[in-house]
Amino acid sequence: MSTLAPLRLLREPSNASEGNQSNATVGAGGGWCQGLDIPNELFLALGLVSLVENLLVVAAILKNRNLHSPTYYFICCLAVSDMLVSISNLAEMLFMLLLEHGVLVMRPSIVRHMDSVIDMLICSSVVSSLSFLGVIAVDRYITIFYALRYHSIMTLQRAVVTMASVWLASTVSSTVLITYYRSNTILLCLISFFLFMLVLMLVLYIHMFALARHHLHSISSQQKPPTAHRGGSLKGAVTLTILLGVFFICWGPFFFHLILIVTCPTNPFCTCFFSYFNLFLILIICNSVIDPLIYAFRSQELRRTLREVVTCSW
């Protein structure tokens, strides 16, 4: 049983019949094309870890007034998006298990309706998660290159409008995706959205890193001890590498899967790639686990608040 309902709909292309799938699998290399049998317990464990992590981030930001700023509001929205991925994942798993074991008895029409609701919830959270990753990148860019004008550029009102727009667009796009998920046009739009976010983050973060290197060279040319600054530049380079690396590793395979559905739905080697679909879902859930470690827990103020939340020092 696949876990994420809306992504399950994209497991394989609609124009590849079962016979073509089996023939392609045999022709492409036997055992390698059998995919991975990932236990539901792993989905459940990662979902619970992600849920707890992101819930702590949201609680800490709400608790500490010093964190009530656009930057942390965007991080909070990212945590909510990742949390919704986990909640939807857990809800669907429990729903399916109850149905399979006969504990929950429902009419097929109600089951389809519930499945559609979960589909829309997860699709919306996935799209919003990608969107807020891009919004955070833009916010950091403004913080570095327009530091003196940051508060006039990124006002609270603009931050609220940005967050509301992302959630609205995510809801609308998820509805369209669930309704027309077998349309190549819809898949191309989703692929284009991912590529846009990838290019946006690459350009912004590379530009930020270039600025850090420029500052390092300026300090070195003044014959000042560059050790501490070089360490800071190296730390910045590592951070940017982690940000982009995690984004590409966690999201890349799934969107490459979508590209293959559009470009070579019946090719034997593409069919082999389709068989690893559950692995791509695990990577997306892993992204929800890793996001708080990168975007939230690195903040000393937020870590201090988290300790207060954990020890119930309200």
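Given the structure is predicted, the values throughout are model-derived calculations rather than measurements.

Draft legend 1. Up close: the UniProt feature "transmembrane region" (unreviewed entry) in the protein chain. Per the UniProt record, "transmembrane region" (unreviewed entry) is found at residues 42–62, 74–97, 117–138, 159–179, 185–212, 233–261 and 273–297. Measuring from the first to the last C-alpha atom of residues 117–138 gives 31 Å, for a span that is 100% helix and 0% strand. Secondary structure across residues 159–179 comprises 100% helix and 0% strand; the distance between its end C-alpha atoms is 30 Å.

Draft legend 2. Structural detail: the packing of helix α4 (residues 70–100) against helix α7 (residues 156–179). As a packed pair, α4 and α7 sit with axes 10 Å apart at the nearest point and diverge in direction by 15°. Classified by the angle their axes make, α4 and α7 are roughly parallel. In the crossing of α4 with α7, the sense of the turn from one axis to the other is right-handed. The residues of α7 that touch α4, namely those facing Pro 70, Tyr 73, Phe 74, Cys 77, Val 80, Ser 81 and Leu 84, are Leu 156, Ala 159, Thr 162, Met 163 and Trp 167.

Draft legend 3. View of the side chain of Ser 131. Tracing the chain through its elements places Ser 131 in helix α5 (residues 108–145). Residue classification places Ser 131 among the buried residues on the basis of a relative accessible area of 11%.

Draft legend 4. Representation of the pattern of salt bridges within the structure. Going through the model one piece at a time under the given rule, you end up with three salt bridges. With a shortest N-O distance of 2.8 Å, Glu 308 and Lys 63 are connected by a salt bridge. On the criterion of sequence distance, the pair formed by Glu 308 in helix α12 (residues 300–310) and Lys 63 in helix α3 (residues 40–63) is long-range, its members being 245 residues apart. A salt bridge links Arg 304 to Glu 301; its shortest N-O distance comes to 2.8 Å. Linking Arg 304 with Glu 301, this pair stays in helix α12, spanning three residues, or about one helical turn. Look at Glu 301 and you get partly exposed, because its relative accessible area is 26%. Salt bridges sharing partners connect three or more residues here, namely Lys 63, Glu 301, Arg 304 and Glu 308.

Criteria and thresholds
- All residue numbers refer to position in the chain's written sequence, counted from 1.
- Where local features are concerned, this predicted model is filtered to residues with pLDDT of at least 70; where side-chain atom pairs are given and counted, the filter is 80 or more; whole-chain, interface and lining totals use all residues.
- Side-chain metrics rest on all non-hydrogen atoms present in the structure, leaving aside hydrogens and water.
- UniProt positions are given in the numbering used here, feature names are shortened, and annotations may be inferred rather than shown by experiment.
- Strands are runs of DSSP state E lasting at least 2 residues, helices are runs of H or I lasting at least 4, and numbering of each runs from the N terminus.
- Helix axes are fitted to C-alpha atoms over the stretch in contact, other axes to C-alpha atoms as well, and angles between N-to-C directions run from 0 to 180 degrees.
- If an angle is under 35 degrees, it is roughly parallel; if it is over 145, roughly antiparallel; if it lies from 65 to 115, roughly perpendicular; otherwise it is oblique.
- Left-handed is the label given to a crossing in which the near helix is rotated counterclockwise from the far helix by less than a right angle, and right-handed is the label when the rotation is clockwise.
- Residues count as neighbours in contact if any of their non-hydrogen atoms are within 4.5 Å of one another.
- Working definition: with a 1.4 Å probe on protein chains only, accessible area under 20% of the residue-type maximum means buried, over 50% means exposed, and in between means partly exposed.
- By definition here, a salt bridge exists when the distance from a side-chain nitrogen of Lys or Arg to a carboxyl oxygen of Asp or Glu is within 4 Å.

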